[in-house]
Every structure is written in structure tokens, then in C-alpha cells.
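# Inside the fold
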Amino acid sequence: MKSVNIMLNSINDVKDFVALVCTCDFDIDLTSGRYVVDAKSIMGIFSLDLSKPIKLDAHTDNADDEFFTKLKKYIV
């Protein structure tokens, strides 16, 4: 599992982020405080506090660098 912190600043960021993570064949969770949601769920993401950085957990041993390169604009 690999973890990074991300920031989603707008509705378009959330929409683009969900479209990106939906292309992955492994599970991805977002954690904000004590809440954990599926990163592929747009409704789940909107239930989080988006004013603060969110922890992203990619549940795979071979999360490739290409995936994290695509996420670069969201990583803080």
C-alpha cells in the first residue's frame, strides 16, 4: 500500500480525480479525520471536508509511478 496526501480544490478537480482513479484496477481509499470513503465514489468524496488535505491510500503493492504521475497536480 502506498499513501500520499492530496487536495481537491474545486468541483472540477473532484470530477477529474474520480475519472482518473476509476481507470485503476485496485482499490483506493480517501481518509479525512475518522471518515474513510472509496476514491471512486464522487458522492463519498463530497461527504469529506475538502478544505483540508485528504490522505489517499492505494491498496496495491505495484502502484506504478505512472499512476502517481497522473495524480501529481492533486498531491500536496
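### What about the overall build of the protein chain?
Summing up its helical and strand segments, the protein chain has three helices and four strands in all. Going residue by residue from the N terminus, the α and β elements of the protein chain occur as β-α-β-β-α-β-α. Since a compact globule built from 76 residues should have a radius of gyration of about 11 Å, the 11 Å found for the protein chain is in line with a globular shape. Based on the C-alpha atoms only, the size of the protein chain along its principal axes is roughly 30 × 25 × 20 Å. Looking at the 76 residues of the protein chain, the share that counts as buried comes to 42%. Across the protein chain, the fraction of contacts at a sequence separation of at least 24, relative to all contacts at a separation of at least 6, is 67%. Carbon and sulfur atoms form 51% of the exposed surface of the protein chain, whose accessible area is close to 4700 Å². Here the protein chain carries 9 positive and 12 negative side-chain charges, and the mean point of each set is 6 Å from the other.

### Side note on the side chain of Ser32
Along the chain, Ser32 turns up in strand β2 (residues 27–32). Classification of Ser32 as buried rests on a relative accessible area of 13%. Excluding anything up to four places from it in sequence, Ser32 contacts Leu48 and Asp49.

### Some points on a nonpolar patch on the surface
A surface patch of nonpolar side chains, amounting to about 420 Å² of accessible area, comprises Ile11, Ile42, Met43 and Phe46. Relative to the helices and strands, Ile42 is located in helix α2 (residues 42–46).

### Considering the pairing of strand β3 (residues 35–38)
Both β2 and β3 contribute to a ladder of four bridges, which runs antiparallel. Each residue of the ladder has a partner; that of Thr31, found in β3, is Val36. With antiparallel pairing between neighbouring strands as the criterion, β2 and β3 make up a hairpin whose turn holds two residues, including Gly33 at a positive phi of roughly 65 degrees.

What counts, and at which threshold
Residues numbered from 1 in each chain as written. Predicted model: local features only at pLDDT ≥ 70, side-chain atom pairs only at ≥ 80, totals over all residues. Heavy atoms only, no water. Helix = DSSP H or I, 4+ residues; strand = E, 2+ residues; numbered from the N terminus. Rg over C-alpha atoms; globule rule 2.2 N^0.38 Å. Buried < 20%, exposed > 50% of the residue type's maximum accessible area, 1.4 Å probe, protein only. Contact = heavy atoms within 4.5 Å. Areas by Shrake-Rupley, 256 points an atom, 1.4 Å probe, with all protein chains shown as cover. Lys, Arg positive; Asp, Glu negative; His and termini not counted. Charge placed at Lys NZ, Arg CZ, Asp CG, Glu CD. Patch = residues over 30% accessible without salt bridge, like charges linked within 9 Å, V, L, I, M, F, W, Y side chains within 5 Å. Salt bridge = Lys/Arg side-chain N within 4 Å of Asp/Glu carboxyl O. Pairing = 2+ DSSP bridges.

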